[in-house]
Amino acid sequence: TAFQPSADSWMMNVIKPAFVLLVAFLCVTVFSQSGDYLQSPGSDLLNALARGEISEAEFCGALEQHSGIFVGGKLCLSSIPDGAFIAEKWLASLPAGTTVERNPIVLVPGLGGSALQLKLHHKEKLPHWYCTKKINWFLAWLHLDELLPGVSDCFANNMQMSFNPASGVFSNAEGVETRPADFGGIKGVDYLDRAAGIPVPLTGYYATIIKALEKTGYTVGVDLYGAPYDWRVHTASLDSNVDSDGTTWMAKVKDLIATAHKNTGKKVNLVTHSMGGPTMLYFLNHNPEFAREHVANFVPIAAPWMGAAKAIVALLYGDNFGIAVGSLNLVSPLKFREIIRTYGGATYMTPDAALYGNQTFVTYEGVEYQAHQIGALLRKIGAPSTADIWDATQGELNALQRPDVPTYCLYGTGVPTEIAYVYTNTDMNKRPDAVDSNRGDGTVPLESLRVCQAWQKDGGAPVAIREFDERDHVGILKDDGVIMEILKICTTQATPK
């Protein structure tokens, strides 16, 4: 919940100046590794703060309202819930004398939930003269100074991808290498940005859950690990695209799980969020014997098993990554539409026709487009390359099979969720009207979240479902009840006889 002090609160005199200074720090003098921000024009956001046109509450509220399919939609300066306090509360609720045995955990993030580092090699094709041509590994996503006006052109140029329809291979931009930050550790999934090595509070992701786990006794590198990945590509590419070290991300995850099992002598819990759910279900489906030997529980949180309509609007209009304050966008959705359209991770998350059938998702020029017609719509509006990517990623969600390990599906409900869009004219540079909603988690519709229910009827490994009323797609990662459920699932509690 966003911190909203009353106007006469004595805390306002302390918090408001600190807030303005922090945002100014982030927007103007963030410790940038690329240096591109030095050429940035003044930030509308900073000017709005200086003029007193926006408040802390408006800042946080606008971020909530502008959430897209990327996890940046919930960035907010509001204090991150104290995970240690949540753990203490859970431990205090156990019967006296209970001992808690920790079983190892691997955290897998969702779309946009992995910090990404880039390395530039003598880049030639640059949008501005001041864009960096050569630099060793630096944090690009989600380094907030990379999103400033002017600099964002350099960022977009570095982050775009290309796709070869014949081979099905995604490639980075010319002269760019990419890797997830701190694979195996937690610095690629706890906070998405750091300034001079210090986590930036706005970008907290798994931070609350990690603090709760650490308070319970978990230790990074012993029984707690993170598995960030390049979320720009779809899941199958993570199993086929070979990194510079000659291995795939899926191979690295397999080694990480085996290491966690070996270090502790206990099977591993896979805790995922959003697109991380289908990503790890793909892994489980393709490594069934390994999974039965090494995986204790699969815990997908807010998983879009059959996609979400917001992925469509991200391809059509763009996504501002949630970096907005009222009507002020620090990131233009239209500017980033072009790079989003190069991402298999975005097309992969569009609704799967096997679940939605004849449901209309977009009405454009009076024509209704269903889930299986999104490629045709993309071609009609002049995005044939994106349509090729869409073609290559369709059917992958539906091809996933129920997991063959104990599974706990955790997700929120009761939040208005966009499910269809209508263009009242042919202007593709305006966001279409959302004309329908259901009670999903604000990003993923309820039907997609509840695919787990069908697994309960199929036999095999047990599947449990926990629904949390009025928990949104990313806020669920900071919820007391959800975190306590994770602690319960991933530990073994024994009471004295």
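Look above for the structure.
In what follows, the accompanying structure is described. Since the structure is predicted, the reported quantities are computational estimates derived from the model, not experimental observations.

### Considering the sheet that holds strand β2 (residues 105-108)
Judged by pairing direction, the sheet is parallel, and its six strands sit side by side in the order β10-β2-β11-β12-β17-β20 without closing on themselves. Two strands lie at the open edges of the sheet, namely β10 (224-226) and β20 (463-469), each paired on one side alone. Strand after strand, the sheet turns through a mean of 15 degrees between neighbouring axes, direction not considered. One ladder, built from six bridges, connects strand β11 (residues 268-273) with strand β12 (residues 295-301); its direction is parallel. Looking at the pairing, N269 lines up with N297 of β12.

### Observations regarding the sheet that holds strand β4 (residues 135-141)
Taken in spatial order, the three strands of this open sheet run β4-β3-β7, and their pairing is antiparallel. The open sheet has two edge strands, β4 and β7 (176-180), and neither has a second partner. This sheet shows a mean twist of 30 degrees between the axes of neighbouring strands, independent of strand direction. Across five bridges, the pairing between strand β3 (residues 116-120) and β7 is antiparallel. Within β7, the residue paired with Q117 across the bridge is R179.

### Some points on the environment of H121
Topologically, H121 is positioned in the loop between β3 and β4. Along the backbone, H121 and E174 are 53 residues apart, and their C-alpha atoms lie at a distance of 8.4 Å. Not counting residues within four places of it along the chain, the set of residues in contact with H121 comprises K133, G175 and E177. Looking at H121, its side chain comes within polar contact range of the side chain of E177, at 2.6 Å.

### Focus: the layout of surface pockets
Roughly 570 Å³ of internal volume is contained in the largest pocket. As for the largest pocket, its lining consists of 25 residues, of which T178, R179, P180, D243 and S244 are closest to the centre. At the level of elements, β6 (169-172), β7, α7 (235-238) and α8 (249-264) are the ones that each hand at least two residues to the lining of the largest pocket. Of all the elements, β7 adds the most residues to the lining of the largest pocket, at five residues. Tallied by class, the residues present in the lining of the largest pocket amount to eleven nonpolar, seven polar and seven charged.

### Things to note about the pattern of salt bridges
Side chains that differ in sign of charge can pair as their charged atoms come close. A full pass over the atoms with the stated rule returns 16 salt bridges. D388 is the partner of R379 in a salt bridge, and the nearest nitrogen-oxygen pair spans 2.9 Å. With a relative accessible area of 27%, D388 lands in the partly exposed category. Through salt bridges with shared partners, a single ionic network connects R379, D388 and D391.

The rules behind these values
Residues numbered from 1 in each chain as written. Predicted model: local features only at pLDDT ≥ 70, side-chain atom pairs only at ≥ 80, totals over all residues. Heavy atoms only, no water. Pairing = 2+ DSSP bridges. Helix = DSSP H or I, 4+ residues; strand = E, 2+ residues; numbered from the N terminus. Axes fitted to C-alpha atoms, helices over the stretch in contact; angles between N-to-C directions. Contact = heavy atoms within 4.5 Å. Polar contact = N/O pair within 3.5 Å; in protein donor to acceptor, adjacent residues only side chain to side chain. 1 Å grid on protein atoms, 1.4 Å probe; cavity = no way out; pocket = protein on both sides within 12 Å on 5 of 7 lines; lining within 4 Å. Points joined across faces, edges and corners; volume = space filled by probe spheres on them. Nonpolar A, V, L, I, M, F, W, Y, C, P; charged D, E, K, R; others polar. Salt bridge = Lys/Arg side-chain N within 4 Å of Asp/Glu carboxyl O. Buried < 20%, exposed > 50% of the residue type's maximum accessible area, 1.4 Å probe, protein only.

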